[in-house]
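# Summary of structural features
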Amino acid sequence: MKAIRRFTVRPVLPESLRPLHDLARNLRWSWHNETRELFRAADPEGWRPADFDPVRLLGAMSAGRLAELARDEEFLARLADASENLREYLDGPRWYQNRLAQGAELPAAIAYFSPEFGVTAALPQYSGGLGILAGDHLKAASDLGVPLIGVGLLYRHGYFRQTLSRDGWQQEHYPVLDPDELPLTLLRETDGTPARVVLALPGGRSLHAGVWQARVGRVPLLLLDSDVEENAPGERDVTDRLYGGGSDHRLLQEMLLGIGGVRAVRTYCRLTATPDPEVFHTNEGHAGLLGLERIRELAGAGLDFDSALEVVRAGTVFTTHTPVPAGIDRFDRQLVARHFGEGGELPGVGVERILRLGRETYPGGEPDLFNMAVMGLRLAQRANGVSTLHGAVSREMFSGLWPGFDPAEVPITSVTNGVHAPTWVAPEVLRLGVRHFGTDRATAALAGGEVAGERRAGTPRRWDAVTAVPDREIWDLRRVLREQLVTEVRKRLYASWRRRGAGTAELGWIDDVLDPDVLTIGFARRVPSYKRLTLMLRDRDRLRELLLHPTRPIQIVVAGKAHPADDGGKRLVQELVRFADDPRVRHRIVFLPDYGMAMAQKLYPGCDVWLNNPLRPLEACGTSGMKAALNGCLNLSVRDGWWDEWFEPDFGWAIPTADGSAVDEDRRDELESNALYALIEDRVAPRFYDRDGEGLPERWIEMVRRTLVTLGPKVLAGRMVREYVERLYAPAAQARRALVPEAARELADWKARVRAAWPKVSVDHVEAVTDTAAGGSAELGSTLALRVRIALGGLDPDDVEVQVVAGRVDSGDAIADAQVFPLKPAGGHDLEGRWPYEGPLALDRTGPYGYTVRVLPAHALLASGAELGLVALPTEATGEGAGVLMR
């Protein structure tokens, strides 16, 4: 007989154990080893069955065991220490507060919106890298004291749980998550009633949502939940699954995240007396509608649309995570119009103005589609990609929004992702650090925090201490971690085969799967086609030879989920599983279903090599290799994402890529798979098995050491969050503060005036004079005196900046490695309304060289000259001396 309602009956904690409740409800336990060990000690037998979740553990503990703990003086002392440690962590000044004390102008609060958050396996609200990155961002912000407020959705089924059929086909399962069994509390009004967010829907309907709160250290995470009694069945299902449903369902989710999320933040700040955010960070386009809600708020306060748009843009940061247009959410404009038209959401904000923000108006775009990333860029004054290479790819991909500018000048910067080391570093690695460097230095280095007497967190100097750790200790630690992975793999593989229908008598072979002394390669990630899960299978005979080599064998652990609607990805999973099922190799290669945070925390430390072979440049960042590196695992990767900017032969290997339009996809896979096999066979495996007289692989251990010393400080989420604060959040807050209502109106009016006049702005004449010019050549060290005449179309010289752009030129006269020099007004305008500008151009490099002159809008409140996407350039008939060739 099946229950119609499920709930948890929790024991009442004795007074002396009440601090356990606070420790369990703050997710800091997920990265604070001492707190986790405290809960393990509270119920050693129940810790693993509770999936290492303190909330579930406390809910299942017997009254008798609680009574025992209440009398256990040693446990109570540990509990008091842990409780005091949490209090100091939550209340004490940290990096951000120290920066404020030093006079830095920083935002009072930042709202961080993301469609998914991977904080802990106990709160399964993530599908892959985007969510894990968002979770790490919150944790690092907490460690640094950054006043962040996280905003997302609470998915009652999460993403999905993955199992395999007998023939290796992926199967999805959607368990129902009960918020009362999760580390969450319901946000309530002062009278005790649940706080509600309400959105208007077409046809007079409404979408209601409750707000659950998770405590991520110092950072509140607000999760909106549509499964509330006020909703009709269709609306209750809006937050059913992460990335589920069709276009209408997805749009409703993104309306609730963006528009409802802003309303949830306002409610939270009102109820908790938290300062309202000055900066809103949109983590990918899914949350981009938050800007429209903020425009509605300002319109209600008396600002017109254009002025409100300027205020919103000034205080918004947009991060794009996709390097391909297909990865962006795009909706039919009629669907968007229906939800924001008459009777829909955002009254007072014209639907045509909304549609204009998301239209693909650039060449090759589809004007009838509403592009969430395009809207995100138009609503944010500051935008970034998530690695140096991805920033370049993003500037190219979105360059149509800034016509007339080279991709290098498109105003999208980059902040390379980082990972939260306390979450991902194995306790054994941390204990080794504590033993050699002390608790404060080891934990602060990993967290990116501060230690008394040190000016800057996570400095290379601190990581250099790894060079003092003896080879034997490093190698022994690596074997312990590999052995733990072997044990974990066997448990998971056995459970997987049982679910696939195998009987116990069939599974004796699992006891011999993997060997703790064999070179172990890990590959785990989502399974879209561009990540090439099956590239390793390109030449199966060659792979078998590597797996079964008599003296230098390798073993591979693979995991990953395909999207439920991606049958192509599922076929890749099945192909890999079928190869791994082969009795000849199944002791050397395994596929583990249901990849998630809990599995990853064992997988990263236990591997010797982390493999990544995407199609370059389609990996925006790829942080799994960072997590592996922090545990002393070496990377073997295509130079894509973060590996492209930080790769060095001292600590890993780069898989050569067959870039170029002349190489078709099949041929590219063939070339790159052969390069992968050769690297493993000729360089990776020999270095692992090359031992000295004491049985130590000296060169391998040195690569491990260099990985920790060189990559350690770079890959930290603390480094990433500090960059966001200093390069994006602080400037955004200052720009927002400058836009008081009158300044916002003035800026909006100025932009309108400039746009109206721009068709008449032109570079009418350019001439250059140099003493040494002879024909088309000039000498190194000489100077060109440039004189130009500019038609401003009724604008004033203060409205523009006139620049010379100069640099080396290619055979098509395109300028590379450009330098920009301003030209100054040289008097009043002539009878035809043209203004003279002059300035020198120093010729400081040899070879083919050229220049051009351009006019850009200029205003003190613009973040860059390219912000408006307006530029005036010379025509071919502009004048003499429009370029110069230097030998």
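Residues numbered from 1 in each chain as written. Predicted model: local features only at pLDDT ≥ 70, side-chain atom pairs only at ≥ 80, totals over all residues. Heavy atoms only, no water.

## Looking at the packing of aromatic side chains
The relation between two aromatic rings is expressed through the spacing of the ring centres and the mutual angle of the planes. Within the structure shown, the criterion is met by 18 aromatic pairs. For the pair Phe160 and Tyr174, a centre-to-centre distance of 6.3 Å together with 55 degrees between the ring planes defines the contact as tilted. With Phe160 in the loop between β2 (148–153) and β3 (161–164) and Tyr174 in the loop between β4 (170–173) and β5 (185–186), this pair connects stretches of sequence that are 14 residues apart. Under the relative-accessibility criterion, Phe160 is labelled buried at 3%. Taking the relative accessible area as the measure of exposure, Tyr174 reaches 23% and is therefore partly exposed. Ring geometry for Trp643 and Phe651: centres 6.0 Å apart, planes at 65 degrees, overall edge-to-face. According to the relative accessible area criterion, Phe651 is buried, its value standing at 1%. Taken together, the ring pairs in this structure connect Trp475, Trp653, Phe688, Tyr689 and Trp700 into an aromatic cluster. It is Arg482 that lies over the ring of Trp475; its NZ or CZ is 5.3 Å from the centre. Its end group placed over the ring of Phe523, Arg525 keeps NZ or CZ at 4.5 Å from the ring centre. (Phe/Tyr/Trp six-rings, centres within 6.5 Å; stacked < 30°, edge-to-face > 60°. Helix = DSSP H or I, 4+ residues; strand = E, 2+ residues; numbered from the N terminus. Buried < 20%, exposed > 50% of the residue type's maximum accessible area, 1.4 Å probe, protein only. Lys NZ or Arg CZ within 6 Å of the ring centre and 35° of its normal.)

## What to know about the confidence of the model for the chain
The pLDDT averaged across the chain works out to 92; a share of 94% of its residues lies at or above 70. A low-confidence stretch, residues 879–887 (pLDDT under 50), is modelled with 36 contacts involving residues beyond four sequence positions or located in other chains. (pLDDT = per-residue confidence, 0-100. Contact = heavy atoms within 4.5 Å.)

## Overview of the sheet that holds strand β15 (residues 519–524)
The strands making up a sheet are joined through hydrogen bonds of the backbone, oriented either antiparallel or parallel. With respect to topology, six strands assemble into an open sheet ordered β17-β16-β15-β18-β19-β20, the strand pairing being parallel. In this open sheet, the two strands that pair with only one neighbour each are β17 (589–592) and β20 (652–655). Sheet twist, expressed as the mean angle between neighbouring strand axes with direction ignored, is 20 degrees. Note: β15 against strand β16 (residues 554–559), six bridges, orientation parallel. When the bridges of β16 are listed, Ala524 appears paired with Ala559. Across the sheet, helix α21 (residues 471–499) touches β15, β16 and β17, and the angle it forms with β17 is around 60 degrees. Sheet strands touched by helix α27 (residues 665–689): β15, β16, β18 (609–612), β19 (634–638) and β20. Its angle to β20, the strand with the most contacts, is close to 165 degrees. (Pairing = 2+ DSSP bridges. Axes fitted to C-alpha atoms, helices over the stretch in contact; angles between N-to-C directions.)

## A short note on the sheet that holds strand β22 (residues 783–791)
Taken together, six strands build an open sheet; the order of strands is β21-β22-β25-β24-β23-β26 and the sheet is antiparallel. Of all the strands in the sheet, the pair left with one neighbour each is β21 (762–769) and β26 (849–857). The mean inter-strand angle of the sheet, taken between neighbouring strand axes irrespective of direction, is 30 degrees. Pairing geometry for strand β23 (residues 800–809) and β26, over nine bridges, is antiparallel. Bridge pairing in β26 places Val805 opposite Thr852.

## Re the pairing of strand β7 (residues 206–216)
For a regular strand, the rule is simple: side chains alternate between the two faces of the sheet. By the criterion of burial, β7 is predominantly enclosed, with nine of the eleven residues buried. In this structure, β5 lies alongside β7, joined through two bridges in antiparallel fashion. Of the residues in β7, the one forming a bridge with Leu186 is Trp212. The pairing of strand β6 (residues 196–200) with β7 spans five bridges and is classified as antiparallel. If you follow Val198 over to β7, its bridge partner there is His208. Counting the residues in the hairpin turn of β6 and β7 gives five residues, including Gly203, whose phi is positive at 80 degrees. With seven bridges joining them, β7 and strand β8 (residues 219–225) adopt antiparallel strand pairing. The residue of β8 that forms the bridge with Arg215 is Pro220. Between the antiparallel neighbours β7 and β8 lie two residues, among them Gly217 with a positive phi of about 65 degrees.

## Digging into the nonpolar core
Of all hydrophobic cores here, the largest spans 106 residues; its most connected members are Leu519, Met536, Ile556, Leu636, Trp653 and Trp700. Beyond its immediate stretch of four places on either side in the chain, Leu519 contacts Pro553, Ile554, Gln555, Asp608, Val609, Val684, Ala685, Phe688, Tyr689 and Trp700. Within the second largest apolar cluster, 96 residues are counted, among which are Phe160, Ile259, Leu298 and Trp758. (Core = buried A, V, L, I, M, F, W, Y, C linked by side-chain atoms within 4.5 Å.)

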